[in-house]
Amino acid sequence: MIEIVQAIGLFLGFGGWMTIMVSLQDQYWKESTTDGSVITTSTIYENLWMSCASDSTGIYNCRDFPSLFALPGYLQASRALMIAAIVFGTFGLVASLAGIQCTKIGGENYALKGRIAAIGGVFFILQGLCTMIAVSWYAANITQQFFDEFYPGTKYEIGEGLYIGWSSAILALCGGGCLMCSCKLDRPDEKRPYVYQPPSRGNFRSAVAASQSAPSNYGRNVYV
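As the structure is a computational prediction, the values presented were derived from the model and not from experiment.

Trainee: Residue-level account of the pattern of salt bridges, with values.
Mentor: Scanning the model with the defined rule gives 1 salt bridge in all. With a closest N to O distance of 3.5 Å, Lys 30 and Glu 46 form a salt bridge. With Lys 30 in strand 1 (residues 30-32) and Glu 46 in strand 2 (residues 42-46), this residue pair connects regions lying 16 residues apart in the sequence. We classify Lys 30 as buried; its relative accessible area is 7%.

Okay, structure coming up:
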């Protein structure tokens, strides 16, 4: 049962780690809204690294953000959190592979492997938290600008990259929780009870003969 839970936790954590890559590569973290526009000639969409624009003919042009320090604070923080999530996820994968009982890494010391698997679960939970904070912070800024009637700039809507990021965070949190719950220091099969083995007939006869042939320290007159 423990092996199955650990395998599920590793699979979910690996899935969350992979979907972080997909979310970072996705260009549609936010997309310009068409609400209130009668004629739309171009669409603007952005992610953490670049801004793109496409027209009605399908031609698009992308450019990287020119300066790091000129970016808003929430964008810089989201970048840092997503990079930290990738690092935590990598540590979580290494620790989980070494700690799950399905592998031979670390020998058969299941108590130690359980602790290592739990450490991997902690890393996956940190990965999920960093991803959740980064994506939610980015989405909160989008919604704040969208519902602000006095915002002068372009208003955006939530893109598909944020939904992928939320999915990644949920997978990582579930995987880390499974690995944490599977941590068990004392396995039942490690406690080997003593099995009583009754003596055979040959051993019993030899024991009786030895007891009869043993010299006695007392004479017959002692019992009279």
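Trainee: Tell me about the pairing of strand 4 (residues 60-64), and name the residues and values.
Mentor: A small share of strand 4 lies buried, amounting to 0 of its 5 residues. In the sheet, strand 3 (residues 50-55) pairs with strand 4 via 5 bridges, with the strands oriented antiparallel. Within strand 4, the residue paired with Met 50 across the bridge is Asp 64. The hairpin turn running from strand 3 into strand 4, its antiparallel successor, is 4 residues long, and Gly 58 in that turn takes a positive phi close to 95°.

Trainee: If you had to explain helix 1 (residues 2-25) to someone new, which residues and values would you point to?
Mentor: It helps to recall that an α-helix has 3.6 residues per turn; residues three or four apart then point in one direction. Taking 1.5 Å per residue as the helical rise, helix 1 with its 24 residues ought to reach 34 Å, and the 35 Å between its terminal C-alpha atoms agrees with that figure. Buried within helix 1 are the following residues: Ile 2, Gln 6, Gly 9, Leu 10, Leu 12, Gly 13, Gly 16, Trp 17, Ile 20, Ser 23 and Leu 24. Of the surrounding elements, those touching the buried residues of helix 1 are helix 2 (73-99), helix 3 (110-146) and helix 4 (160-181).

Calculation notes
Residues numbered from 1 in each chain as written. Predicted model: local features only at pLDDT ≥ 70, side-chain atom pairs only at ≥ 80, totals over all residues. Heavy atoms only, no water. Salt bridge = Lys/Arg side-chain N within 4 Å of Asp/Glu carboxyl O. Helix = DSSP H or I, 4+ residues; strand = E, 2+ residues; numbered from the N terminus. Buried < 20%, exposed > 50% of the residue type's maximum accessible area, 1.4 Å probe, protein only. Pairing = 2+ DSSP bridges. Expected span 1.5 Å × (residues − 1). Contact = heavy atoms within 4.5 Å.

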